Amino acid sequence: MVAALFWHRLDAGTRARLDQIIQEVTHEYNGLAFQTDEGNRARVVASGVPVIAADATAGQGWVDPLRPVRAQFADQIGPRLLGAAGS
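Residues numbered from 1 in each chain as written. Predicted model: local features only at pLDDT ≥ 70, side-chain atom pairs only at ≥ 80, totals over all residues. Heavy atoms only, no water.

**Student:** Even after reading the chapter, I still don't get helix α3 (residues 60-77), so can you show me in this structure?
**Tutor:** At 3.6 residues per turn, the α-helix brings residues three or four places apart onto the same side. The end-to-end C-alpha distance of α3, which contains 18 residues, comes to just 21 Å, noticeably less than the 26 Å that a straight helix rising 1.5 Å per residue would cover. With respect to burial, α3 is a largely exposed element, only one of its 18 residues being buried. Gly 78, located one to two residues past α3, shows a positive phi value of around 90 degrees. (Helix = DSSP H or I, 4+ residues; strand = E, 2+ residues; numbered from the N terminus. Expected span 1.5 Å × (residues − 1). Buried < 20%, exposed > 50% of the residue type's maximum accessible area, 1.4 Å probe, protein only.)

**Student:** What am I meant to see in the confidence of the model for the chain here?
**Tutor:** Any segment with low pLDDT has predicted coordinates that should not be analysed in fine detail. On average, the chain scores 88 in pLDDT, and the residues at 70 or more come to 97%. Highest mean pLDDT in the chain belongs to helix α2 (residues 12-46) (95); lowest belongs to helix α4 (residues 79-84) (81). (pLDDT = per-residue confidence, 0-100.)

**Student:** What's the story with the pattern of salt bridges in this structure? I'm lost.
**Tutor:** Oppositely charged side chains may form a pair once their charged atoms are brought near each other. The final tally for this structure, using the stated rule, is one salt bridge. We note a salt bridge from Arg 67 to Asp 64, for which the minimum N-O separation is 3.0 Å. Pair noted here: Arg 67 and Asp 64 are both in helix α3, with a separation of three residues, about one helical turn. Classification of Asp 64 as exposed rests on a relative accessible area of 55%. (Salt bridge = Lys/Arg side-chain N within 4 Å of Asp/Glu carboxyl O.)

**Student:** Mind showing me how you'd approach α2 here?
**Tutor:** Here α2 is 35 residues long and its end C-alpha atoms lie 51 Å apart, about the 51 Å a rise of 1.5 Å per residue gives. Of the residues that open α2, the one with a side-chain oxygen 3.1 Å from the backbone nitrogen of Gly 13 is Asp 11. Backbone geometry just downstream of α2 places Gly 48 in the positive-phi region, at approximately 95 degrees. (Polar contact = N/O pair within 3.5 Å; in protein donor to acceptor, adjacent residues only side chain to side chain.)

See the structure below:
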């Protein structure tokens, strides 16, 4: 992350171009990470280790049991990160 003071001192054109570059690099990196993950998963499956795929609702089983933990650390973690982590 770039310091806000530095970022706002850049002219609008430079910020726009850097934003574009950041988006392109992020997209490329995420694609490579996905390929790596898929390759690793394929190797695990090929080795005979069972892989269980969770459906979209599987995470709900963790929500209620983790509420006390979230509440305990809410001040340290902050609402932004807690929100990003889901319900």
